[in-house]
Amino acid sequence: MIGRLNHVAIVVPDLDAASVLYREQFGAQVSEKVDLPDHGVTTVFVDLSNTKIELLYPLGAESPIDRFLEKNPDGGIHHLCYEVEDIERAAQKLQQQGMRILGDGKPTTGAHGKPVIFLHPKDTMGTLIELEQV
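Residues numbered from 1 in each chain as written. Predicted model: local features only at pLDDT ≥ 70, side-chain atom pairs only at ≥ 80, totals over all residues. Heavy atoms only, no water.

A word on the packing of aromatic side chains. This model, assessed by the stated rule, comprises 1 aromatic pair. A centroid spacing of 5.2 Å and a plane angle of 75° characterise the contact between Y22 and F26, whose relative ring orientation is edge-to-face. (Phe/Tyr/Trp six-rings, centres within 6.5 Å; stacked < 30°, edge-to-face > 60°.)

The next subject is the pattern of salt bridges. As enumerated under the stated definition, the model contains 3 salt bridges in all. The partner of D16 in a salt bridge is K33, with the nearest N and O atoms 2.8 Å apart. Of the two residues, D16 is situated in helix α1 (residues 15–25) and K33 in the loop between β2 (29–30) and β3 (34–36); the sequence distance between them amounts to 17 residues. Note that R100 is salt-bridged to D123, the shortest N-O span being 2.9 Å. (Salt bridge = Lys/Arg side-chain N within 4 Å of Asp/Glu carboxyl O. Helix = DSSP H or I, 4+ residues; strand = E, 2+ residues; numbered from the N terminus.)

Once that is clear, we can look at the environment of D104. Checked against the element boundaries, D104 lands in the loop between α3 (87–96) and β7 (108–109). In this structure D104 comes out as exposed when scored by relative accessible area, which is 61%. (Buried < 20%, exposed > 50% of the residue type's maximum accessible area, 1.4 Å probe, protein only.)

Inspection of the secondary structure assignment puts N6 in strand β1 (residues 5–11). For N6, a relative accessible area of 3% corresponds to the buried category. In contact with N6, other than residues within four places in its own chain, are T51, K52, C81, Y82, E83, H112 and E132. (Contact = heavy atoms within 4.5 Å.)

Right, let's talk about unusual backbone geometry for a bit. Even without being a glycine, M125 presents a positive backbone phi close to 55°. Locating M125 in the fold gives a position in the loop between β8 (115–119) and β9 (129–133).

Most of β9 is tucked away: 4 of the 5 residues are buried. In terms of strand pairing, strand β6 (residues 76–84) meets β9 through 5 bridges, oriented parallel. Directly across from V84, in β9, lies its bridge partner Q133. The pairing of β8 with β9 spans 4 bridges and is antiparallel. The residue bridging L119 from the neighbouring strand is I129, located in β9. (Pairing = 2+ DSSP bridges.)

Burial within β8 is extensive, with 4 of its 5 residues counted as buried. As paired elements, β7 and β8 share 2 bridges and run antiparallel to each other. Within β8, the position partnered with T108 by the bridge is V116. Between β7 and β8, which pair antiparallel one after the other, the connecting turn spans 5 residues, and G113 there sits at a positive phi close to 75°.

Any functional reading would require information that these geometric values do not contain.
Put into structure tokens, the structure is as follows:
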């Protein structure tokens, strides 16, 4: 069902400093900031030859990332994103197998403008997994 690793998401306490780290110290191509109000985050993508790193920072008081930073003030890995060909079919199959999809169970629009779902980490051995339709 899953294809390639699309990105690894890392919550950071300072998005500007993290962008500088990846751009200047690591020499990577770093995108501009993009606010995603529906997800409560501001994102920056670091393009690598084999995948991407998504840097996440809270947007607004209700951001789930804000709670993550309270528990992990230095930041840390937040989720892994895998590609799927058909998000609706993947969601249906996973739900039939007893897996929970966060939110209302329906795909939302992710950072790349494509449909995404997040699987409950209690159903995936402690890892928050995002599936993105490609």
